[in-house]
Amino acid sequence: MSKAPEIKNRIRALILIDPVTILLSEPDVVVNFLYTRHELEDSRGNSNSWSGRLIRFFNETKIQLVASSEMFIEYYLRRNFAWYNSEIWLQDIPNDVNVVVCLAERDEIVNTSKIEMHLACHNSRVSREVSERITSDGPLIETIIWKDVGHAHCVSNPERWSDIHHALRKIESQTQK
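**What about the sheet that holds strand E1 (residues 13–17)?**
Strand order in the open sheet formed by three strands is E1-E2-E3, with parallel pairing between adjacent strands. Sheet topology places E1 and strand E3 (141–146) at the edges, where each strand pairs with a single neighbour. Along the sheet, successive strands turn relative to each other by an average axial angle of 15°, direction set aside. As judged from the six bridges shared by strand E2 (residues 98–104) and E3, these two strands associate in the parallel manner. Bridge pairing in E3 places Val 99 opposite Ile 141. Against the sheet, helix H5 (residues 112–131) makes contact with E2 and E3, and its axis sits at roughly 155° relative to E2, the strand it touches most.

Here it is in structure tokens:
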């Protein structure tokens, strides 16, 4: 989170959509974004279906053309980007901040299953600390998983906007209490 106290005290809610900043120190994000295309099987094991391969190809091409191959973005990320300064550490998020993480099940950049496990471990640790009346490191985090979609699919899909809108309304109602 922000190191500046005047900004940190103003943050009451945080919604992370396809968050590349969680577990950024793991090699998955860098490799998937800058270097390779990887084949992932979905939960049903049919990533090699014709439609699955076509959708994955379009998503990867979109990422390649829009972001990872653009000359200045590529130069900056490969040469000047301090990856270690850009990761969000869940324990650094203040306890009074409401957090929602939205993940795409077939994300081409982020390892969704690894982030899901990381969030679940964080939530179980925080729940245990709260039940034992120990000061917890970070808040409980709500997770939204969008099934059968890839990275940034929420940008062009109004159904996903609705999910985000409902999460915002829920946070708003919690902060007004």
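**Details of the pattern of salt bridges**
A complete count under the given rule lists eight salt bridges for this structure. Between Glu 26 and Lys 114 there is a salt bridge, with the nearest N and O atoms lying 3.2 Å from each other. Taken together, the residues Glu 26 in the loop between E1 and helix H2 (27–35) and Lys 114 in helix H5 connect sequence positions 88 residues apart. Among the charged side chains, a network of salt bridges with common partners joins Glu 26, Asp 28 and Lys 114.

**A word on unusual backbone geometry**
One non-glycine residue, Asp 18, lies in the positive phi region at around 45°. You can see Asp 18 is positioned in the loop between E1 and H2. Even without glycine at this site, Arg 133 takes up a positive phi of about 60°. Secondary-structure assignment places Arg 133 in the loop between H5 and E3.

**Structural notes on the side chain of Glu 129**
Mapped onto the elements, Glu 129 comes out in helix H5. Its relative accessible area of 12% is what places Glu 129 among the buried residues. When sequence neighbours within four positions are dropped, the list of residues in contact with Glu 129 reads Ile 134, Thr 135, Ser 136 and Asp 137.

**Remarks on the nonpolar core**
Ile 22, Ile 93, Val 99, Val 101, Ile 115 and Leu 119 are the most contacted members of the largest nonpolar core, which totals 22 residues. For this core, the secondary structure elements donating two or more residues are E1, H2, E2 and H5. If you tally residues by element for this core, the top one is H2, at four residues. Membership of the second largest hydrophobic core comes to 10 residues, among which are Val 100, Ala 104, Cys 154 and Ile 164.

How each quantity is defined
- Residues numbered from 1 in each chain as written.
- Predicted model: local features only at pLDDT ≥ 70, side-chain atom pairs only at ≥ 80, totals over all residues.
- Heavy atoms only, no water.
- Pairing = 2+ DSSP bridges.
- Helix = DSSP H or I, 4+ residues; strand = E, 2+ residues; numbered from the N terminus.
- Axes fitted to C-alpha atoms, helices over the stretch in contact; angles between N-to-C directions.
- Contact = heavy atoms within 4.5 Å.
- Salt bridge = Lys/Arg side-chain N within 4 Å of Asp/Glu carboxyl O.
- Buried < 20%, exposed > 50% of the residue type's maximum accessible area, 1.4 Å probe, protein only.
- Core = buried A, V, L, I, M, F, W, Y, C linked by side-chain atoms within 4.5 Å.

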